[in-house]
Amino acid sequence: MGRPTFIIDPQRLRDLRTEAGKTLLDVAKDIQAKLGMKHPSNDATLLSCYQRIERTGNTSRRRADALADIFEVTIEVLQGKGTPKPSDYLARITSLLREQFSTGTNEVLIRALEQSAGTSELNDESISLLAEDIADRIEAAQLGRNPSELAVLTEITGLPESELLKPANVRGHWLFIANGPGIHRTELVRGTSGVAWCVRDIVEAPPDSYGSDGSIRMFRDEPWFRLEIRRSSHPTNVIRIDFVRCDPSNGKGISWSRATWRERFLLERSLKEWAYDTANFVSDFDGRQSPTGDVRRLRLLVTEYGESPIRPTGRIVISGNLSEIPDRTFERFQCENLTHNLVLSWLAGDLKRSLAPFLAEHPQMCWSIGHCGQVTITLDEHKARKRPLLECYFGVKYRIRLVEEVGDNEFSPVPWRIKDVKQLCDEIQNMLDDPNEQSFIADEPRRAFEPCVAEE
């Protein structure tokens, strides 16, 4: 009797591997590790075994379970029975609509085309727009099961209700729950962008309007995700946001499901970028904290640009003499949830003294200050010199980023909420606008930029 086999969908397996950015050998080695093989095979043998699975779809149940674990999906997905990929589902709906249009008898479909694309002209773009609209409506109808909507969709697509209710996947539904001081919100939202928008909507103001030490912590407890936004040191002043991917459950409500690799990637990247702009202390979904230690290791890294506003020529590390902050002072600010503000004020003073002689080389009108997660100081020499435009410098002259010193001359970017970046921009601008300010003195001792050949 031959060895029993388990059948999976080879195309779905290839798609999952491609989405995860893994090579054939990567997956082969992952399977070996998951199964805990005591006698490892060589790479050629592992590769050949896995290639056979992707080619035929035949494997053992143990290997199928290992593959489901590796790609974080269910066995049903590996068998091609689970929720389809959005691109596959849209392609199916597009093909179906083309067939309906080819008969020329579906007047409901023609009216739907005019409403969706604003034209009755059949072309790839108008059909694509209609397909996206219809697919969105089908996915929503599967959750609500509104008989009237299902009847309309049957008229448009020609599909019976039983076919319309087969698994669809366009944006996906997420259950979103938020609780905190004055915040109680539960809703179903569409897609990862909908989740990110709801988070931003709830935390519209900085996590700590009365201090600087608010934090955002991110957790992953499959299939659930959680954010904890702490606005101050008080243990009860916390916003907790939970969200989970969910699917309709045969008309009996919804059931939790694991987010796909692509959904998790888009969601976690978006939320991390938001967190770095919103709070000064962040712990991401993988448990990485930033900054990692004492905030007195924070630095401002100033990158200078020479003839080209693209290629950096040097840098200055602004330390702010933070080691000289008295412990009693630091502890007092810590109690008031203001240590980050304390450190930034010392760094800002050192920064202005260091930049003053360089900014004094050109009239105030030549400088402009901007920000986008960092401070940018742009120079336009043409405003003050009568030389031809091509002989004048124009572009970013200095970039200023907040970093943590993690080793000897080694630095790592850290969160820097937009509110504090803007404040530093304002301080530099005020220095430029008031040449008599104490810190803006042309003969201030000039610091040397360390040479560099690439952006840090």
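Just so it is clear, the model here is predicted, and its values are computed rather than measured. (Residues numbered from 1 in each chain as written. Predicted model: local features only at pLDDT ≥ 70, side-chain atom pairs only at ≥ 80, totals over all residues. Heavy atoms only, no water.)

Undergrad: Explain the pattern of salt bridges residue by residue, including any values.
TA: This model, assessed by the stated rule, comprises 32 salt bridges. Here R137 makes a salt bridge to E149, at a shortest N to O gap of 2.9 Å. Placement of R137 in helix 8 (residues 124-144) and of E149 in helix 9 (residues 147-157) is noted, with a sequence separation of 12 residues between them. Classification of R137 by relative accessible area gives partly exposed; the value is 25%. (Salt bridge = Lys/Arg side-chain N within 4 Å of Asp/Glu carboxyl O. Helix = DSSP H or I, 4+ residues; strand = E, 2+ residues; numbered from the N terminus. Buried < 20%, exposed > 50% of the residue type's maximum accessible area, 1.4 Å probe, protein only.)

Undergrad: Break down helix 11 (residues 191-202) for me, with residues and values.
TA: If you check helix 11, its first and last C-alpha atoms are 17 Å apart, about what 12 residues at 1.5 Å a residue would give, namely 16 Å. Of the positions making up helix 11, those classed as buried are G191, T192, G194, V195, A196, C198, V199 and I202. On its buried face, helix 11 sits against strand 3 (173-180), strand 4 (183-190), strand 6 (224-230), strand 7 (238-248) and helix 12 (261-278). (Expected span 1.5 Å × (residues − 1). Contact = heavy atoms within 4.5 Å.)

Undergrad: Would you mind going over the nonpolar core in detail, with residue names and values included?
TA: Among the nonpolar cores identified, the biggest contains 39 residues, and L300, V302, L351, L359, V375, I377 and I400 are the most heavily contacted of them. Where this core is concerned, the elements lending two or more residues are strand 11 (298-305), strand 12 (312-318), helix 14 (339-359), strand 14 (375-380), strand 15 (394-407) and helix 15 (418-433). At 9 residues, helix 14 tops the list of elements feeding residues into this core. Within the second largest apolar cluster, 27 residues are counted, among which are V189, A196, I202 and F285. (Core = buried A, V, L, I, M, F, W, Y, C linked by side-chain atoms within 4.5 Å.)

Undergrad: Which residues make up the layout of surface pockets, and what values do they have?
TA: What the second largest pocket holds in volume is close to 370 Å³. Along the wall of the second largest pocket there are 20 residues; nearest its centre are D213, G214, S215, R230 and F281. Of all the secondary structure elements, the ones that give two or more residues to the lining of the second largest pocket are strand 5 (215-221), strand 9 (281-283), strand 10 (289-290) and helix 13 (327-335). Of the residues in the lining of the second largest pocket, the class split is 6 nonpolar, 10 polar and 4 charged. (1 Å grid on protein atoms, 1.4 Å probe; cavity = no way out; pocket = protein on both sides within 12 Å on 5 of 7 lines; lining within 4 Å. Points joined across faces, edges and corners; volume = space filled by probe spheres on them. Nonpolar A, V, L, I, M, F, W, Y, C, P; charged D, E, K, R; others polar.)

Undergrad: I'd like a rundown of the pairing of strand 13 (residues 367-371), residues and numbers included.
TA: Taken together, the 5 bridges between strand 13 and strand 14 define a ladder with antiparallel strand orientation. Of the residues in strand 14, the one forming a bridge with G370 is T376. The hairpin turn running from strand 13 into strand 14, its antiparallel successor, is 3 residues long, and G373 in that turn takes a positive phi close to 80°. (Pairing = 2+ DSSP bridges.)

Undergrad: Any details on the pairing of strand 6? Residues and values, ideally.
TA: Pairing of strand 5 with strand 6, which is carried by 7 bridges, proceeds in the antiparallel orientation. Bridge pairing links R220 to F225 in strand 6. Between the end of strand 5 and the start of strand 6, which pair antiparallel, lie 2 residues. When strand 6 meets strand 7, the two strands line up antiparallel, connected through 7 bridges. Residue pairing in the sheet places F225 in a bridge with F243 of strand 7.

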